[in-house]
Amino acid sequence: MDIKRIAILGSGSMGTAILSGLLASGFDSAAVTVSTKSKASADKLADQLGVLAYSLEADSDANASANIKAVRGADVVLVAVKPGYVVETLREVSADLVGGALVISVAAGITTKSMQDALPHGVRVVRAMPNTPAIVGRAVTGIAPGAEATEADLNRAIDLFETVGSVAVIDESQIDALSTISGSGPAYVFYFMEQLTAAAIHHGFTHEQADLLVQQTFLGAAELVLATGAEPAQLRRQVTSPNGTTERAIATFDEAKLRDVFIAATEAALARAREIAAGA
């Protein structure tokens, strides 16, 4: 991995997941600096993971905030703060970035142009959209390079996010749409699991039994797709015997126009993503 030192600004679930994946890949913890809100969080990261962690809460240096201290000397800076703070944070640290640094944001709605405008010339940017399975190393991350990013920058970003799952390089114009599929997708899956669990309970299974049936069914189905390489439609047809029980259930989904519901849901999510990008 062509990263000498990385700074991670923000230690929420995504920042911590990427940090854990990076260290699990063998990256030297001594080459990682982190900024986090609370002193307790900074102490925990330092004690458990061996990284150098700075706390905004404990920061008493008027000349250098925790974020500034974290980015000094880092050739890659991962910005994992909330979207509303990204541009402000970039402006705060801009004067302390090393020349040629690569800045990567995982925030929704913050364009590479708005990032680039907050940074000095020569600092390149990449926008990334990982999803929450990064916590267990099963993320899918969409990556869009900024206008000035080089192939080497893109490769560094790919290497970083492959430590927590799979990577798709896309045009930035697609990243909001990607967020409605893989970004929000885990929530859709959890929602369907929730509803199928409720259906199992309706049919007399205990909550414990329903959880087992639903969780293992979703896990097994996903693994079957990956193991066989078959299209989901093909596997569905294999399970759906003519005039059988599954066929009757699928017909009910079709009558409810489930495909249209999926499209409407992702269109609604996309509209909201665009509102966020516009500052609404």
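Above this text sits the structure in question.
Here is what the cut-offs are and how they apply
What you see as residue numbers is a count from 1 along each chain, following the sequence as written. Since the coordinates come from a predicted model, pLDDT governs what is reported: local features require at least 70, and pairs of side-chain atoms require 80 or more to be given and counted, while whole-chain, interface and lining totals use all residues. Side-chain calculation: all heavy atoms of the structure are included, whereas hydrogens and water are not. Think of a patch as exposed residues, more than 30% relative accessible area, with no salt bridge, where like charges cluster within 9 Å and nonpolar side chains (Val, Leu, Ile, Met, Phe, Trp, Tyr) cluster within 5 Å. Reported accessibility uses the Shrake-Rupley method at a 1.4 Å probe radius. Residues are deemed covered only where the shown protein chains occlude them. The rule for a salt bridge is simple: a side-chain nitrogen of Lys or Arg has to be within 4 Å of a carboxyl oxygen of Asp or Glu. Think of it this way: any DSSP run of H or I at least four residues long counts as a helix, any run of E at least two long counts as a strand, and we number them from the N terminus. Remark: exposure states derive from per-residue accessible area (1.4 Å probe, protein chains only) relative to the maximum for the residue type, with buried under 20%, exposed over 50%, and partly exposed in between. Interaxial angles span 0 to 180 degrees and are taken between N-to-C directions of axes, which are lines fitted to C-alpha atoms, for helices over the stretch in contact. Reported orientations rely on four angle classes, namely roughly parallel under 35 degrees, roughly antiparallel over 145, roughly perpendicular from 65 to 115, and oblique for the rest. Crossings are classed by handedness, with left-handed meaning an anticlockwise turn of the near helix from the far one by less than a right angle and right-handed meaning a clockwise turn. Residues are treated as being in contact if the distance between any of their heavy atoms lies within 4.5 Å. Polarity classes work like this: nonpolar for Ala, Val, Leu, Ile, Met, Phe, Trp, Tyr, Cys and Pro, charged for Asp, Glu, Lys and Arg, and polar for all others, with Gly in that last group. Only strands joined by at least two bridges in the DSSP assignment are considered to pair. Here, nonpolar core means buried Ala, Val, Leu, Ile, Met, Phe, Trp, Tyr and Cys residues that are tied together by side-chain atoms lying within 4.5 Å of each other. Here the expected length of a helix is defined as 1.5 Å per residue gap, with one fewer gap than residues. For this quantity, the arc is that covered by the directions from the helix axis to the C-beta atoms. Here a crossover is taken to be right-handed if, once the strands point away from the viewer, the path from the first strand over the helix to the second is traced clockwise. What qualifies as a polar contact is a pair of N or O atoms within 3.5 Å, subject to a donor-acceptor requirement within protein and to the restriction that residues adjacent in sequence count only when both atoms come from side chains.

Caption draft 1: Seen up close, a nonpolar patch on the surface. On the surface, a nonpolar cluster with roughly 550 Å² of combined accessible area is contributed by Y191, F192, F253, L258, V261 and F262. Tracing the backbone through its elements, the reader meets L258 in helix 12 (residues 258-277). According to the relative accessible area criterion, L258 is partly exposed, its value standing at 31%.

Caption draft 2: Seen up close, the packing of helix 7 (residues 175-183) against helix 12. Where helix 7 contacts helix 12, the axes come no closer than 9 Å and their chain directions differ by 135°. The orientation of helix 7 relative to helix 12 falls into the category oblique. Crossing handedness for the pair helix 7 and helix 12: right-handed. Between helix 7 and helix 12, the residues in contact are D176, A177, S179, T180 and I181 and T266, A269, L270, A273 and R274, respectively. Of the residues assigned to the contact of helix 7 with helix 12, the class counts are 5 nonpolar, 3 polar and 2 charged.

Caption draft 3: Here's a closer look at the sheet that holds strand 6 (residues 124-129). Across the sheet, which stays open at both edges, the 8 strands sit in the order 3-2-1-4-5-6-7-8 with mixed pairing between neighbours. Across the chains shown, the open sheet's two edge strands, defined by having one partner strand only, are strand 3 (52-55) and strand 8 (165-169). For this sheet, the mean inter-axis angle between neighbouring strands, taken without regard to orientation, is 20°. The sheet contact formed by strand 6 and strand 7 (residues 139-145) spans 4 bridges and is antiparallel. Opposite V126, over in strand 7, you have P145 as the bridge partner. Where helix 6 (residues 151-161) meets the sheet, it contacts strand 1 (6-9), strand 4 (76-79), strand 5 (102-105), strand 6, strand 7 and strand 8, and its direction lies at approximately 165° from that of strand 7. On top of the sheet, helix 7 reaches strand 6 and strand 7; it is set at about 30° to strand 6, its chief contact.

Caption draft 4: Spatial organisation of the pattern of salt bridges. Counting across every chain of the model gives 9 salt bridges. Linking K113 and D117 is a salt bridge whose minimum nitrogen-to-oxygen distance equals 2.9 Å. A residue pair is termed a helical-turn pair when its members lie 3 or 4 positions apart in one helix, as K113 and D117 do in helix 5 (residues 112-117) at 4 residues. Residues D176 and R127 are paired through a salt bridge, measuring 3.4 Å at the closest nitrogen-oxygen approach. Here the residue D176 occupies a position in helix 7, and R127 occupies one in strand 6, the gap between them amounting to 49 residues.

Caption draft 5: A look at the nonpolar core. Among the nonpolar cores identified, the biggest contains 35 residues, and I6, V32, I104 and F161 are the most heavily contacted of them. Of all the elements, helix 1 (residues 13-24) adds the most residues to this core, at 6 residues. Setting aside chain neighbours within four positions, we find I6 in contact with L22, F27, A31, V32, T33, A74, V76 and L160. By size, the runner-up hydrophobic cluster in this structure holds 24 residues, among which are A74, V86, L97 and V123.

Caption draft 6: Broad picture of helix 8 (residues 185-202). Taking 1.5 Å per residue as the helical rise, helix 8 with its 18 residues ought to reach 26 Å, and the 26 Å between its terminal C-alpha atoms agrees with that figure. Buried within helix 8 are the following residues: G185, P186, M193, T197 and A200. Summarising the axial view, the buried residues of helix 8 lie within an arc of 115°, below the 170-degree limit, and thus occupy one face. Away from the buried face of helix 8 by more than 90 degrees, exposed residues E194 and H202 are located. Those residues of helix 8 that are buried lie in contact with helix 7 and helix 9 (207-228). Of the residues flanking the end of helix 8, it is G204, one or two places downstream, whose phi is positive at about 100°.

Caption draft 7: A look at the pairing of strand 3. Of the two faces of strand 3, only the one carrying A53 and S55 is buried; L52 and Y54 on the other face are not. The pairing of strand 2 (residues 32-36) with strand 3 spans 4 bridges and is classified as parallel. Paired with V34 across the strands is A53, a residue of strand 3. For the segment spanning strand 2, helix 2 (residues 39-49) and strand 3, crossover handedness is right-handed.

Caption draft 8: Spotlight on the side chain of D75. Of note, D75 is situated in the loop between helix 3 (66-71) and strand 4. By relative accessible area, which is 13% here, D75 ends up buried. Among the polar contacts listed, one links the side chain of D75 to the backbone nitrogen of K4, at a separation of 3.1 Å. At 2.8 Å, the side chain of D75 forms a polar contact with the backbone nitrogen of R5. When neighbours within four sequence positions are excluded, D75 is seen to be in contact with D2, I3, K4, R5, V98, A101, L102 and R156.

Caption draft 9: Local environment of helix 12. Its 20 residues give helix 12 an end-to-end C-alpha distance of 29 Å, which sits within 8% of 28 Å, the value for a rise of 1.5 Å per residue. Those residues of helix 12 hidden inside the fold are in contact with helix 7 and helix 8. One or two steps after helix 12, the chain reaches G279, where phi turns positive at roughly 85°.

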